[in-house]
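# Overview (structure and organization)
The chain contents come next:
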Amino acid sequence: MPADLEQMWADLAPLGRSTSSGGYFRQPFAAAERECLAWFLEQAASRGLEVEADGNGNVAAWWRPEGLVQNVSHRSRGENHAERSGLGVLTGSHLDSVRDGGAYDGPLGVATALAAVDRLRERGYRPSVPIGVGVFVEEEGSRFGIACLGSRLATGALTPEQAGELRDPDGVPLLDAMAAAGLEPALGPSPLLRDVGVFVELHVEQGRDLVDRDAAIGVASAIWPHGRYRFDFAGEANHAGTTRMEDRHDPMLSYAMTVLAANKQARLAGQRATFGRLQVTPNGTNAVPSLVTAWLDARCQDEATLAAMLAEIERQATERVGRDGTALTVTPESVSGAVHFDATLAQRLSRTLGAAPVIPTMAGHDAGILSAAGITTAMLFVRNPTGISHAPSEFAPMADCLAGVDALADVLAELT
């Protein structure tokens, strides 16, 4: 008998969890994330779902009721809702995590999708099109630096050539990491999406909007445009004790001012800018650095605001570099434009869920990548009372998670 949501959650809880911080590190193609995938495959098998995988590391498990005739005609842009085209509905999320992340970001969407299939079967529901539960790989970009890597490859937003150049922080190429995990890489557009008419992703809310609205479930309206930008500050290595302050070309000073500039510009604009990752060369306590590499995460309500904020941060950084006698190179590594989910569908799902609030999100998701590729897409959010995400204290009460199961089941029934 398939496990219920509470049991699935208990089974997932220890996988990749730090005994010291309580946070999770489920790195793509490494042991903990592979254990999570093995758990998913076991859950799919216990439900008799048909599992398919692509050459990018993505997996989907399909519920195709006996006797259901699948329409395998290709999706057209003007008619891509599942109930109009005969194409399937895909739900699910991801199983990887950020470093020392929370339990819910990603896995909640996978576990509730499996539980929603159970709920529909309990109701005696028989869909008119296939329903799939998908797992996209490397959504967080925690290992290879590209957020939503699996869905970008699946949709063609990232080419196999670009992906083939990716290395993790230890210098391991993506293709080698995949091979070491027992996969046969075949990067590129995915057959898993060929017959998908609608994608619905359930996710823990990464903020407190639903808490403020006193609502357990919400529907997404849009995703803010966002990106990751590498700032390389080059200077001159020297002795920390013997080098006079006025003789230094210290890239750490250039970086420090840039952090403050990013914080100020984001606050003034009511947007988001975060330097959350840093590498220092030679990284010695008694040495002036020769190179500081820092990664900026920037998110804004629209592309124009994002471009303006980045330009101002870079302008101030360049001015400081000139005073410090250092050098700066800025490289966009992963940039996503604004995503506006199908407004008609969002309102329809809101009505299905008893006037659930329709809200934007500042976080990126595989749903955004699929939407940009022309697949009709929607998202559901489950309330997070702490408002914290990408950290060990990320949380959603089981009662709200179960409400998410019911909501997702109702949405899947509405769409199929």
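Predicted model, so just to flag it, every value in this text is computed and none were measured.

Parameters at a glance
Residues numbered from 1 in each chain as written. Predicted model: local features only at pLDDT ≥ 70, side-chain atom pairs only at ≥ 80, totals over all residues. Heavy atoms only, no water. Pairing = 2+ DSSP bridges. Helix = DSSP H or I, 4+ residues; strand = E, 2+ residues; numbered from the N terminus. Axes fitted to C-alpha atoms, helices over the stretch in contact; angles between N-to-C directions. Buried < 20%, exposed > 50% of the residue type's maximum accessible area, 1.4 Å probe, protein only. Arc of directions from axis to C-beta. Contact = heavy atoms within 4.5 Å. 1 Å grid on protein atoms, 1.4 Å probe; cavity = no way out; pocket = protein on both sides within 12 Å on 5 of 7 lines; lining within 4 Å. Points joined across faces, edges and corners; volume = space filled by probe spheres on them. Nonpolar A, V, L, I, M, F, W, Y, C, P; charged D, E, K, R; others polar.

## Describing the sheet that holds strand 12 (residues 327-336)
Reading across the sheet, the 4 strands line up as 9-11-7-12 and stay open at both edges, with antiparallel pairing between neighbours. Whereas interior strands pair on both sides, the edge strands pair on one side only; in this sheet they are strand 9 (272-281) and strand 12. If you compare each strand with its neighbour and ignore which way they point, the axes differ by 20° on average. Bridge count for strand 7 (residues 226-234) against strand 12 is 9 bridges, and the pairing is antiparallel.

## Topic: helix 1 (residues 5-12)
Every α-helix winds through 3.6 residues per turn, so residues three or four apart in the chain are directed the same way. The complete set of buried residues in helix 1 reads Leu 5, Met 8, Trp 9 and Leu 12. Down the axis of helix 1, the buried side of the element spans an arc of 100°, and every buried residue falls inside it. Those residues of helix 1 that are buried are in contact with helix 2 (31-46), helix 4 (107-122) and helix 13 (398-415).

## Concerning the layout of surface pockets
Size it by volume and the largest pocket reaches roughly 1300 Å³. Where the lining of the largest pocket is concerned, the elements lending two or more residues are strand 7, strand 9, strand 11 (291-299) and strand 12. Take the lining of the largest pocket: its biggest share by element is 7 residues, from strand 9. For the lining of the largest pocket, a count of residues per class yields 13 nonpolar, 17 polar and 14 charged. Within this model, the second largest pocket holds a volume of roughly 210 Å³. The wall of the second largest pocket is formed by 12 residues, among which Ala 3, Asp 4, Asp 118, Arg 119 and Glu 122 lie closest to the centre.

Limitation: the analysis is restricted to geometry and does not speak to function.
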